[in-house]
Amino acid sequence: MGTVPDIASLSFEEALKELENVVRRLESGDAPLDESIDLYARGDALRAHCQARLDAAQARIEAIVADRDGKPQALRPFDETQG
């Protein structure tokens, strides 16, 4: 795999792309057992990184709810539908 970047330095998009590549490699069944174990561990770390980035984005969205004048008004849950 060449030089493996530190997961913490990856953007969400970079981590997701790498995770997709890890899954593809694991699903192919071509990797030897030891490499598969390493790939699985990296994939799990990438998944956790992506989830943390999504959680952070969700928290930011929940914190920013503006009134008609564009001023922050209140907290609204991320998944609440607007009427």
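This text follows the structure it describes.
The rules behind each value
- Residues numbered from 1 in each chain as written.
- Predicted model: local features only at pLDDT ≥ 70, side-chain atom pairs only at ≥ 80, totals over all residues.
- Heavy atoms only, no water.
- Helix = DSSP H or I, 4+ residues; strand = E, 2+ residues; numbered from the N terminus.
- Expected span 1.5 Å × (residues − 1).
- Buried < 20%, exposed > 50% of the residue type's maximum accessible area, 1.4 Å probe, protein only.
- Arc of directions from axis to C-beta.
- Contact = heavy atoms within 4.5 Å.
- Salt bridge = Lys/Arg side-chain N within 4 Å of Asp/Glu carboxyl O.

### A closer look at helix 1 (residues 12-28)
Next up, step 1: The terminal C-alpha atoms of helix 1, which comprises 17 residues, lie 24 Å apart, in line with the 24 Å expected from a rise of 1.5 Å per residue.
Next up, step 2: Turning to helix 1, its buried residues are A15, E18, L19 and V22. Relative to the axis of helix 1, the buried residues are bounded by an arc of 105 degrees and lie together on one face. Turned more than 90 degrees away from the buried face of helix 1, the exposed residues are E13, K17, R24 and E27.

### Quick notes on the side chain of R42
Next up, step 1: For R42, the location among the structural elements is in helix 2 (residues 33-63).
Next up, step 2: The class for R42 is buried, based on a relative accessible area of 14%.
Next up, step 3: Excluding residues within four positions of it along the chain, R42 makes contact with V4, P5, I7, L10 and E18.

### Brief notes about the pattern of salt bridges
Next up, step 1: Applying the stated criterion across every chain yields a total of three salt bridges.
Next up, step 2: For E18, the salt bridge goes to R42, with nearest N and O atoms at 2.5 Å. Here R42 lies in helix 2 and E18 lies in helix 1, a separation of 24 residues in the sequence. By the burial criterion, E18 is buried, and R42 matches it.
Next up, step 3: D44 is the partner of R47 in a salt bridge, and the nearest nitrogen-oxygen pair spans 3.4 Å. A residue pair is termed a helical-turn pair when its members lie 3 or 4 positions apart in one helix, as R47 and D44 do in helix 2 at three residues.

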